[in-house]
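# Fold and geometry: a report
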Amino acid sequence: MFHQIIAGFAPRHIRKPRVFIPGRKSDRRALTFLGIAPFANVAMPDVVIHDLERDWLFLIDASPRYRKMTESRRSKLNNHFASSGRHIELFSVFRDHREFSRCIESIAWETNVWVASSPDHMIHFNGERFLGPYR
């Protein structure tokens, strides 16, 4: 799934991506230089992508069977990454629509979904805006 995010999602939807895998010690250390506190009280996202052009952070959970962007997770990640001062976009990633359909009821508003089997599209759980900070 990581390959699909890096090769499929990032080049299609992020202008100038810099990919971090927080499971790697070197990437966790690099994230601290972006103003992100060490992960002590919150589970790390599977992938963090810094859009260097817009200076946004994309936080991606790629293991939806175990972790997806629920309301609780959304709140915890927003609080944890707030210190960076960057706009945050939260994503749950699924292999296909069947996998997504099993989790759809627990996906939080103000988050996004990307389905790898339909790589050119995203699903945004909010009607007010699409990818971008609130004014």
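Structural data are supplied above this passage.
A brief report on the enclosed structure follows. Keep in mind the model is a prediction, meaning the values are calculated, not measured.

### Some thoughts on the pairing of strand 4 (residues 87–94)
Most of strand 4 is tucked away: 8 of the 8 residues are buried. Residues of strand 4 alternate between two faces, with His 87, Glu 89, Phe 91 and Val 93 on one and Ile 88, Leu 90, Ser 92 and Phe 94 on the opposite face, all of them buried. With 6 bridges connecting them, strand 3 (residues 56–61) and strand 4 associate as parallel partners. Across the sheet, Phe 58 pairs through a bridge with Glu 89, a residue of strand 4. Relative to strand 5 (residues 112–115), strand 4 is paired through 4 bridges, and the arrangement is parallel. Bridge pairing links Phe 91 to Asn 112 in strand 5.

### Brief notes about the sheet that holds strand 6 (residues 122–124)
The 6 strands lie next to each other as 1-2-3-4-5-6, forming an open sheet whose pairing is mixed. Since the sheet does not close on itself, it has two edges, and those belong to strand 1 (17–20) and strand 6, each with one partner. The sheet shows a mean angle of 25 degrees between the axes of neighbouring strands, direction not considered. As judged from the 5 bridges shared by strand 2 (residues 47–51) and strand 3, these two strands associate in the antiparallel manner.

### Describing the packing of aromatic side chains
In this structure the tally under the stated criterion is 9 aromatic pairs. Measuring from centroid to centroid gives 4.9 Å for Phe 9 and Phe 91, while their planes differ by 65 degrees, and the two rings are edge-to-face. Remark: Phe 91 occurs in strand 4 and Phe 9 occurs in helix 1 (residues 2–13); sequence separation between them is 82 residues. Residue Phe 9 is classed as buried on the basis of its relative accessible area of 2%. With relative accessibility at 0%, the residue Phe 91 sits in the buried group. Note on Phe 100 and Phe 125: the rings are 6.5 Å apart at their centroids and 85 degrees apart in plane angle, and the pair reads as edge-to-face. Of this pair, Phe 100 sits in helix 4 (residues 97–101) while Phe 125 sits in the segment after strand 6, and the two are 25 residues apart along the sequence.

### Description of the pattern of salt bridges
The final tally for this structure, using the stated rule, is 8 salt bridges. Of the charged contacts, one joins Glu 53 and Arg 15 as a salt bridge, the two residues approaching to 3.5 Å between their closest N and O atoms. One end of the pair, Glu 53, is in the loop between strand 2 and strand 3; the other, Arg 15, is in the loop between helix 1 and strand 1, with 38 residues separating them in the sequence. Overall, the relative accessible area of 51% leaves Glu 53 in the exposed class. Taken together, the shared-partner salt bridges connect Glu 71, Arg 74 and Glu 110 into one network.

### Comments concerning helix 1
The first and last C-alpha atoms of helix 1 sit 15 Å apart over 12 residues, in line with the 16 Å expected at 1.5 Å per residue. Within helix 1 the residues assigned to the buried category are Ile 5, Gly 8, Phe 9, Ala 10 and His 13.

The rules behind each value
- Residues numbered from 1 in each chain as written.
- Predicted model: local features only at pLDDT ≥ 70, side-chain atom pairs only at ≥ 80, totals over all residues.
- Heavy atoms only, no water.
- Buried < 20%, exposed > 50% of the residue type's maximum accessible area, 1.4 Å probe, protein only.
- Helix = DSSP H or I, 4+ residues; strand = E, 2+ residues; numbered from the N terminus.
- Pairing = 2+ DSSP bridges.
- Axes fitted to C-alpha atoms, helices over the stretch in contact; angles between N-to-C directions.
- Phe/Tyr/Trp six-rings, centres within 6.5 Å; stacked < 30°, edge-to-face > 60°.
- Salt bridge = Lys/Arg side-chain N within 4 Å of Asp/Glu carboxyl O.
- Expected span 1.5 Å × (residues − 1).

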